[in-house]
Amino acid sequence: EATPFHSIPHTFWWAVVTATTVGYGDESNYPSTAYGKSVAFLTMVFSLVILALPVGVIGGTFNQVWDEYKVEREHALVDNGKEMVMVTAAMQQVEPWRLCSLLMFEVWHDPHPSDSAAQGSPSIVSRPPASQFLGQATLQLHLPPDRQFSQHVRLKLGNDDAPVKRCITGSISVRYEWCPGQDQAQ
């Protein structure tokens with residue numbers, strides 16, 4: 001069977017029409033002269049250039065704005081940390097007894113001892129990687145100064161203040177007994 005392409009320029013014409021998705025499906029409505037095909041070819045290539053130019057500009061602008069966002073986020077985290085230190089220091093000055101009875105729980109998944117031996121045992125002082133964090137909860141203890149007190153509380157686990165937000169579910173049960181005049185709370 002004979003090829004539908006009569007010449008190399010005719011093949012280029014077919015490739016450009018296909019690549020630009022112009023198509024010219026209607027057989028009676030397409031350029032047939034060399035001048036008409038040249039104008040159509042230049043128009044198609046020009047439209048590709050016009051469409052491709054903004055992609056680089058938009059991509060570069062997005063990258064610049066994203067970098068600025070990351071810097072702003074880091075500054076916000078630093079400012080938040082400084083603010084928390086100042087608030088905690090102020091609370092220690094104003095209401096020291098309130099912070100003395102505040103209890104915070106962090107729940108971590110510790111690897112089995114046989115797992116840590118295979119991976120090189122991490123230091124006891126260091127925290128596990130963030131992926132092993134299961135949640136945190138706080139409890140304000142009720143410690144009456146003149147009588148004994150016992151309480152059983154179920155606390156819902158929540159996220160920490162890390163930039164990575166995880167889906168935290170679950171709860172912990174806490175039971176404590178308070179005996180005034182003794183230096184221990186269980």
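Up top is the structure these notes are about.
Attention here is on the structure that accompanies the text. (Residues numbered from 1 in each chain as written. Predicted model: local features only at pLDDT ≥ 70, side-chain atom pairs only at ≥ 80, totals over all residues. Heavy atoms only, no water.)

Let us look at the overall build of the protein. In terms of helices and strands, the protein carries four helices and four strands. Listing the helices and strands of the protein from first to last along the sequence gives α-α-α-β-α-β-β-β. Across the 186 residues that make up the protein, the buried fraction comes to 16%. When the accessible area of the protein is evaluated, it comes to approximately 14,600 Å², of which 61% is carbon and sulfur surface. (Helix = DSSP H or I, 4+ residues; strand = E, 2+ residues; numbered from the N terminus. Buried < 20%, exposed > 50% of the residue type's maximum accessible area, 1.4 Å probe, protein only. Areas by Shrake-Rupley, 256 points an atom, 1.4 Å probe, with all protein chains shown as cover.)

A word on the nonpolar core. Side chains of nonpolar character tend, in soluble globular proteins, to be buried together. Judged by nonpolar contacts, the single largest core of 13 residues is most densely connected at L139, L155, L157, I172, V174 and Y176. Of all elements in the fold, only β2 (133-140), β3 (149-156) and β4 (171-178) reach the threshold of two or more residues within this core. Not counting the four nearest positions on each side in its chain, V174 is found in contact with F105, L139, Q151, H152, V153 and L155. Counting residues in hydrophobic clusters, the runner-up holds five residues, among them V16, V17, A40 and M44. (Core = buried A, V, L, I, M, F, W, Y, C linked by side-chain atoms within 4.5 Å. Contact = heavy atoms within 4.5 Å.)

Under the criterion given, the structure shown has one salt bridge. The closest approach of N and O atoms between E177 and R175, which form a salt bridge, is 2.7 Å. Here E177 falls in the partly exposed class, since its relative accessible area comes to 29%. The exposure class assigned to R175 is exposed, which follows from its relative accessible area of 51%. (Salt bridge = Lys/Arg side-chain N within 4 Å of Asp/Glu carboxyl O.)

Two elements in contact, helix α1 (residues 8-19) and helix α2 (residues 34-94), have axes whose closest approach is 10 Å; the angle formed by their N-to-C orientations is 40°. With respect to their mutual orientation, α1 and α2 come out oblique. For α1 against α2, the interelement crossing comes out left-handed. Note on element contacts: α2 touches α1 through K37, A40, F41 and M44, opposite H10, W13, V16 and V17. Taken together, the residues of the contact of α1 with α2 break down into six nonpolar, one polar and one charged. (Axes fitted to C-alpha atoms, helices over the stretch in contact; angles between N-to-C directions. Parallel < 35°, antiparallel > 145°, perpendicular 65-115°, else oblique. Left-handed = near helix turned anticlockwise from the far one by under 90°. Nonpolar A, V, L, I, M, F, W, Y, C, P; charged D, E, K, R; others polar.)

The description of an aromatic ring pair rests on the distance of the ring centres and on the angle between the ring planes. Here the structure, examined in full by the defined rule, presents three aromatic pairs. With centroids separated by 6.2 Å and ring planes inclined at 50°, the aromatic side chains of F149 and Y176 adopt a geometry described as tilted. Linking F149 in strand β3 with Y176 in strand β4, this pair joins segments that are 27 residues apart in sequence. Its relative accessible area of 4% is what places Y176 among the buried residues. Through a chain of ring-to-ring contacts, the aromatic side chains of F62, W66 and Y69 assemble into a single cluster. (Phe/Tyr/Trp six-rings, centres within 6.5 Å; stacked < 30°, edge-to-face > 60°.)

Looking at where Q136 falls in the secondary structure, it is placed in strand β2. There is a polar contact of 3.4 Å between the side chain of Q136 and the backbone oxygen of N159. Excluding residues that lie within four positions of it along the chain, Q136 makes contacts with M104, F105, E106, K156, L157, G158, N159 and D160. (Polar contact = N/O pair within 3.5 Å; in protein donor to acceptor, adjacent residues only side chain to side chain.)

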